[in-house]
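The chain contents come next:
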Amino acid sequence: MQTKTRKPMRRSKSILLALVLMFSVYVVDGQNLFLQENAAIFVQEGVDLQVGGDLENNGMIENMGKISLFANLTNASIFNTALGELSFNGNGIQRLISTNFDINILTMNGIS
């Protein structure tokens, strides 16, 4: 009987956890972020990835949420933000160096 009561409890905890995660906003702070070849980052809707230093992409970035940059962006590979937002929030000069990528929403804050 104990195994029967544990299974429904596990399911209800999983469902509750999924609902909490669906309606939360995640903020991931970091310094420099270097993406090597064959590496990938997927930013889901409702997620705000905040990069405190330079972001250098040699892999793949798929952005459906928001990426907030406080320094420079160098893109030498796949960077798809056609469904997301890219925000430059640094206090000084920020550089965008890229071959080509689609931007849905571009925000520039902190420009003096």
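Residue positions are given per chain, counting from 1 as you read along its sequence in written order. Local features are withheld for residues below a pLDDT of 70 in this predicted model, meaning they are given only at 70 or higher, and side-chain atom pairs are given and counted only at 80 or more; totals for whole chains, interfaces and linings count all residues. Note that water and hydrogens are dropped before the side-chain values are worked out from all heavy atoms of the structure.

## A short note on the sheet that holds strand 5 (residues 55-57)
No. 1: Pairs of strands are assigned from DSSP output, requiring at least two bridges between the strands. The way it works is that DSSP assigns letters per residue, a run of H or I at least four long becomes a helix, a run of E at least two long becomes a strand, and they are numbered from the N terminus. Judged by pairing direction, the sheet is parallel, and its four strands sit side by side in the order 2-5-8-10 without closing on themselves. Unpaired on one side and paired on the other, strand 2 (33-35) and strand 10 (96-98) mark the two borders of the sheet. The mean angle between the axes of side-by-side strands here comes to 0°, regardless of whether they run parallel or antiparallel.
No. 2: Note: strand 2 against strand 5, three bridges, orientation parallel. Across the sheet, Leu33 pairs through a bridge with Leu55, a residue of strand 5. Here the axes come from fitting lines to C-alpha atoms, over the contacting stretch only for helices, and the angles between their N-to-C directions go from 0 to 180 degrees.

## Regarding the confidence of the model for the chain
No. 1: Taken over all residues, the pLDDT of the chain has a mean of 76, while the share at 70 or more is 71%.
No. 2: Considering each helix and strand of the chain separately, the mean pLDDT is smallest for helix 1 (residues 2-22), with a value of 40, and largest for strand 8 (residues 73-75), with 95.
No. 3: What pLDDT reports is the predictor's confidence in each residue, on a scale of 0 through 100. When checking whether two residues touch, look at their non-hydrogen atoms; a contact exists if any pair is within 4.5 Å. Counting interchain partners and residues more than four positions distant, the pLDDT-below-50 stretch residues 1-24 has two contacts.

## Here we look at the packing of aromatic side chains
No. 1: Each Phe, Tyr or Trp ring, with Trp reduced to its six-membered ring, pairs with another whose centre is within 6.5 Å; inter-plane angles below 30 degrees give stacked pairs, above 60 give edge-to-face pairs, and intermediate values give tilted ones. Considering all chains together, one arrives at one aromatic pair under this definition.
No. 2: With a centroid separation of 4.8 Å and an interplanar angle of 45°, the aromatic rings of Phe79 and Phe101 are classed as tilted. Linking Phe79 in strand 9 (residues 78-88) with Phe101 in the loop between strand 10 and strand 11 (103-108), this pair joins segments that are 22 residues apart in sequence.
No. 3: Relative accessibility decides the category of a residue: with a 1.4 Å probe and only protein chains considered, values under 20% of the type maximum give buried, values over 50% give exposed, and everything between is partly exposed. Take Phe79: its relative accessible area is 3%, and that puts it in the buried class.

## Focus: unusual backbone geometry
No. 1: Even without glycine at this site, Asn38 takes up a positive phi of about 70°.
No. 2: Topologically, Asn38 is positioned in the loop between strand 2 and strand 3 (40-43).
No. 3: Asn38 sits in the exposed class, given a relative accessible area of 83%.

## Quick notes on the nonpolar core
No. 1: By nonpolar core we mean a set of buried residues, namely Ala, Val, Leu, Ile, Met, Phe, Trp, Tyr and Cys, connected to one another through side-chain atoms within 4.5 Å. Judged by nonpolar contacts, the single largest core of 15 residues is most densely connected at Leu55, Ile67, Leu69, Leu73, Phe79 and Leu86.
No. 2: Mapped by element, the contributors of at least two residues to this core are strand 3, strand 4 (47-51), strand 7 (66-69) and strand 9.
No. 3: Filtering out sequence-adjacent residues up to four positions away, Leu69 remains in contact with Val51, Leu55, Leu86, Ser87, Phe88, Asn89, Gly90 and Gln94.

## Considerations on the pairing of strand 7
No. 1: Taken together, the four bridges between strand 4 and strand 7 define a ladder with parallel strand orientation. Note that in strand 7 the partner of Asp48 across the bridge is Lys66.
No. 2: With four bridges joining them, strand 7 and strand 9 adopt parallel strand pairing. The residue of strand 9 that forms the bridge with Leu69 is Phe88.

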